[in-house]
Amino acid sequence: DPYKVGIRAFEAAEIFRRQGEEARARVEQERAQENLETAFAYVPNSAEINFALGNLWYTRGGVERAKLYYGRTLEFLPRHTGALNNLGVMALEGKRPEDAEMLFVDAVKIDPENAKSHYLLALARFERGDLPGARVALTEALRRSGERREFQELAAKLAAREDQR
């Protein structure tokens, strides 16, 4: 199954990248792309194959191609929180926190127990200066997964910003 081989190669590439083994990461990423594109050729209307290709292109810096695949993911599976969250992250990176917030609100509505979606919503609200809204969303994220380092870092930033007011 080229999809499963592609996913395993993508995961291996991420592990190699975290370990600083860029050459091995590139080899695995090429293998992932080859297999995921083969899977796409067989089943172009699969939400998960499109999502995987979005992730692949996003990690390679191909933001526009990633957006295309995430958009296709949502065409086939409109309630795909991963695609909503990833599009929201790209909106944040593009300095569009209002757009990001809308995507994260949708993700939270679909999966209210997803701590990451609440955290990302808090981040978008923080970026646009809505500190009370950020606090509400971050409280929900912390309630679900309080030990995550990035949640704690945002809590510290939010507290510091609130203290400045």
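For the structure itself, look to the data block above.
Computed from a predicted model, the values in this text were never measured in an experiment. (Residues numbered from 1 in each chain as written. Predicted model: local features only at pLDDT ≥ 70, side-chain atom pairs only at ≥ 80, totals over all residues. Heavy atoms only, no water.)

### Let's talk about the overall build of the protein
Thought 1: A count of helical and extended segments in the protein gives nine helices and zero strands.
Thought 2: Ordering the α and β elements of the protein from the N terminus gives α-α-α-α-α-α-α-α-α.
Thought 3: Per-residue burial over the protein gives 44% buried out of 165 residues.
Thought 4: In the protein, once contacts between residues fewer than 6 apart in sequence are set aside, the share between residues at least 24 apart is 48%.
Thought 5: About 8900 Å² of surface is accessible on the protein, with carbon and sulfur atoms providing 52% of the total. (Helix = DSSP H or I, 4+ residues; strand = E, 2+ residues; numbered from the N terminus. Buried < 20%, exposed > 50% of the residue type's maximum accessible area, 1.4 Å probe, protein only. Contact = heavy atoms within 4.5 Å. Areas by Shrake-Rupley, 256 points an atom, 1.4 Å probe, with all protein chains shown as cover.)

### Side note on the packing of helix α6 (residues 97–110) against helix α7 (residues 115–127)
Thought 1: With their axes 9 Å apart at the nearest point, α6 and α7 run at an angle of 155 degrees to one another. With respect to their mutual orientation, α6 and α7 come out roughly antiparallel. In this structure, the crossing between α6 and α7 has a hand that is left-handed. Along the contact surface, α6 presents P97, A100, E101, F104, V105, A107 and V108, while α7 presents S117, H118, L120, L121, A124, R125 and E127.
Thought 2: Its residues assigned to classes, the contact of α6 with α7 comprises nine nonpolar, two polar and three charged. (Axes fitted to C-alpha atoms, helices over the stretch in contact; angles between N-to-C directions. Parallel < 35°, antiparallel > 145°, perpendicular 65-115°, else oblique. Left-handed = near helix turned anticlockwise from the far one by under 90°. Nonpolar A, V, L, I, M, F, W, Y, C, P; charged D, E, K, R; others polar.)

### Topic: the side chain of N50
Thought 1: Following the sequence through the fold, N50 ends up in helix α3 (residues 47–59).
Thought 2: On the basis of relative accessible area, N50 is assigned to the buried category, the value being 0%.
Thought 3: In terms of polar contacts, N50 uses its side chain to reach the side chain of R72, at 2.8 Å.
Thought 4: The residues touching N50, leaving out its near neighbours within four places in the chain, are F40, P44, N45, Y69, R72, T73 and F76. (Polar contact = N/O pair within 3.5 Å; in protein donor to acceptor, adjacent residues only side chain to side chain.)

### Some points on the pattern of salt bridges
Thought 1: Following the criterion strictly, the structure yields 16 salt bridges and no others.
Thought 2: As a salt-bridge pair, R128 and D130 come within 3.3 Å of each other at their nearest N and O atoms.
Thought 3: For E150, the salt bridge identified is with R148, shortest N-O distance 2.8 Å.
Thought 4: Assessed through its relative accessible area of 22%, E150 is described here as partly exposed.
Thought 5: Each member of the salt-bridge network shares a partner with another, and the members are E101, R125, R128 and D130. (Salt bridge = Lys/Arg side-chain N within 4 Å of Asp/Glu carboxyl O.)

### Points about the nonpolar core
If you look at soluble globular proteins, the nonpolar side chains tend to sit buried side by side.
Thought 1: F104, Y119, L138 and L154 are the most contacted members of the largest nonpolar core, which totals 22 residues.
Thought 2: Among the secondary structure elements, those contributing two or more residues to this core are α5 (81–93), α6, α7, α8 (131–145) and α9 (149–164).
Thought 3: Ranked by residues supplied to this core, first place goes to α7 with eight residues.
Thought 4: Here F104 is in contact with L84, N85, G88, V89, L92, S117, L120, L121 and A124, once residues within four sequence places are set aside.
Thought 5: By size, the runner-up hydrophobic cluster in this structure holds 20 residues, among which are I49, L56, L84 and A107. (Core = buried A, V, L, I, M, F, W, Y, C linked by side-chain atoms within 4.5 Å.)

### Quick look at the packing of aromatic side chains
Here a ring pair, both rings aromatic, is described through the centre-centre distance and the interplanar angle of the planes.
Thought 1: Applying the stated criterion to the full structure yields three aromatic pairs.
Thought 2: Measuring from ring centre to ring centre gives 5.9 Å for F40 and Y69, while their planes differ by 90 degrees; the resulting arrangement is edge-to-face. Here F40, found in helix α2 (residues 22–42), pairs with Y69, found in helix α4 (residues 63–76); they are 29 residues apart in sequence, far enough to count as distant.
Thought 3: Look at F40 and you get partly exposed, because its relative accessible area is 21%. (Phe/Tyr/Trp six-rings, centres within 6.5 Å; stacked < 30°, edge-to-face > 60°.)

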